[in-house]
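Remarks on the overall topology
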Amino acid sequence: MVRCAVQDGPKRGTTSGDAERPNMARLFDYYLGGAHNFAVDRALAEESIAKYPVAEIARTIRSFSRRVVRLCVEEYGIRQFLDLGSGIPTAGNVHEVAQAIDPSCGVVYVDHDPVTVAHARTMLRDNLNAAIVQSDVSDVGAVLRDPETRRLLDFTKPTAVLMVGILPYVTEEPAGVVARYRAALCEGSILALTHLTKDVEPELVGRLVDLADGISSPLVPRSKQDVEEFLCGLRLLEPGLVLAANWRADGELPGTSAAAEASTYGAVGIIGA
């Protein structure tokens with residue numbers, strides 16, 4: 001069990017954008033081979049791919065997410081997922097993985113950007129067990145009270161909260177945000193996260209921060225010690241807080257570069273003894 005003090009306070013999160021400006025969610029969609037992006041996104045994506053292993057980083061994060069979802073459904077019997085800062089639910093996203101195992105799994109995605117949400121609602125319109133909520137992930141009360149969240153998720157039952165790729169965009173007291181979601185979960189629930197870090201590849205990650213700043217999406221890498229604070233009160237599943245590419249990889253390495261694999265931490269924790 002990881003124990004430490006809890007921080008609290010007002011928060012902000014995720015990204016903003018429109019069809020005339022590149023958008024982080026749509027860039028991520030493009031990096032993963034999705035089709036829900038605009039010409040302006042594709043132009044910047046190709047430019048960034050030529051300079052940095054951004055697509056490899058995206059695949060590393062998505063691979064981690066798939067492994068966590070399968071673990072939750074197959075080993076822990078979890079049938080409810082809250083995916084925070086989800087972006088566009090493109091190839092291999094939570095509902096596809098979970099519902100391939102059990103179609104009854106309920107999935108709520110959360111994103112702040114209205115264009116991203118519009119794309120997602122179109123994609124999910126025929127799926128009664130999946131929905132997206134438009135909200136700042138840091139406004140925990142609004143996310144949890146949203147009618148779609150209440151329709152699909154029952155927090156008296158084990159639930160998986162996924163914070164995959166979103167916490168670097170939570171610039172104000174992210175530990176408090178994580179703590180409030182954790183407080184809403186019952187015993188047997190799971191919280192999974194990834195986080196960008198400069199610990200191993202400071203030059204590369206510094207360039208990614210500059211790229212994000214250039215499209216008005218401030219990005220905060222954090223150290224392993226910082227990320228450990230977010231995991232307070234959780235019993236970490238083996239192998240603990242490690243590079244996300246190495247978390248129970250089981251031979252599913254997504255063919256990324258060593259630099260991409262070293263840019264992101266990952267961890268999964270369970271609520272309760």
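Residues numbered from 1 in each chain as written. Predicted model: local features only at pLDDT ≥ 70, side-chain atom pairs only at ≥ 80, totals over all residues. Heavy atoms only, no water.

**Structural notes on the overall build of the chain**
The helix and strand tally for the chain stands at eleven helices and eight strands. What you see for the chain is a C-alpha radius of gyration of 17 Å, in line with the 19 Å of a compact globule of 273 residues. Reported as C-alpha extents along the three principal axes, the dimensions of the chain are approximately 45 × 40 × 40 Å. Long-range contacts, defined here as pairs at least 24 residues apart, represent 73% of the contacts in the chain between residues at least 6 apart. By element, 50% of the accessible surface of the chain is carried by carbon and sulfur atoms, the whole surface being about 11,000 Å². (Helix = DSSP H or I, 4+ residues; strand = E, 2+ residues; numbered from the N terminus. Rg over C-alpha atoms; globule rule 2.2 N^0.38 Å. Contact = heavy atoms within 4.5 Å. Areas by Shrake-Rupley, 256 points an atom, 1.4 Å probe, with all protein chains shown as cover.)

**Observations concerning the pattern of salt bridges**
Counted under the stated rule, the structure contains three salt bridges. Salt-bridge contacts for Arg-151 lead to Glu-148; the nearest nitrogen and oxygen are separated by 2.8 Å. Here Arg-151 pairs with Glu-148, and both are found in helix H7 (residues 147–152), just three residues apart, close to one helical turn. Judged by its relative accessible area of 29%, Glu-148 is partly exposed. (Salt bridge = Lys/Arg side-chain N within 4 Å of Asp/Glu carboxyl O. Buried < 20%, exposed > 50% of the residue type's maximum accessible area, 1.4 Å probe, protein only.)

**So, helix H1 (residues 24–31)**
Across the eight residues that make up H1, a large majority, six, are buried. Among all positions of H1, only Met-24, Ala-25, Arg-26, Leu-27, Asp-29 and Tyr-31 are buried. Check the buried side of H1 and you find it contacts helix H2 (39–51), helix H3 (54–76) and helix H5 (114–124).

**Remarks on the packing of aromatic side chains**
Tallied over the entire structure, the rule returns one aromatic pair. Measuring from ring centre to ring centre gives 5.7 Å for Phe-64 and Trp-247, while their planes differ by 70 degrees; the resulting arrangement is edge-to-face. Taken together, the residues span a long stretch of sequence, with Phe-64 in helix H3 and Trp-247 in the loop between strand E7 (242–243) and helix H11 (258–261) at a distance of 183 residues. No difference in accessibility class separates Phe-64 from Trp-247, as the two residues are buried. (Phe/Tyr/Trp six-rings, centres within 6.5 Å; stacked < 30°, edge-to-face > 60°.)

**Topic: the confidence of the model for the chain**
Averaged over every residue, the pLDDT of the chain is 86; the share at 70 or more is 90%. Across residues 5–17 the pLDDT falls below 50, and counting only partners more than four positions away or on other chains, this stretch makes 49 contacts in the model. (pLDDT = per-residue confidence, 0-100.)

**Quick look at the pairing of strand E3 (residues 130–134)**
The buried fraction of E3 amounts to four of the five residues, a majority that puts the element mostly inside the structure. Pairing of strand E2 (residues 106–111) with E3, which is carried by five bridges, proceeds in the parallel orientation. From the neighbouring strand, Val-110 faces E3, where its bridge partner is Val-133. (Pairing = 2+ DSSP bridges.)

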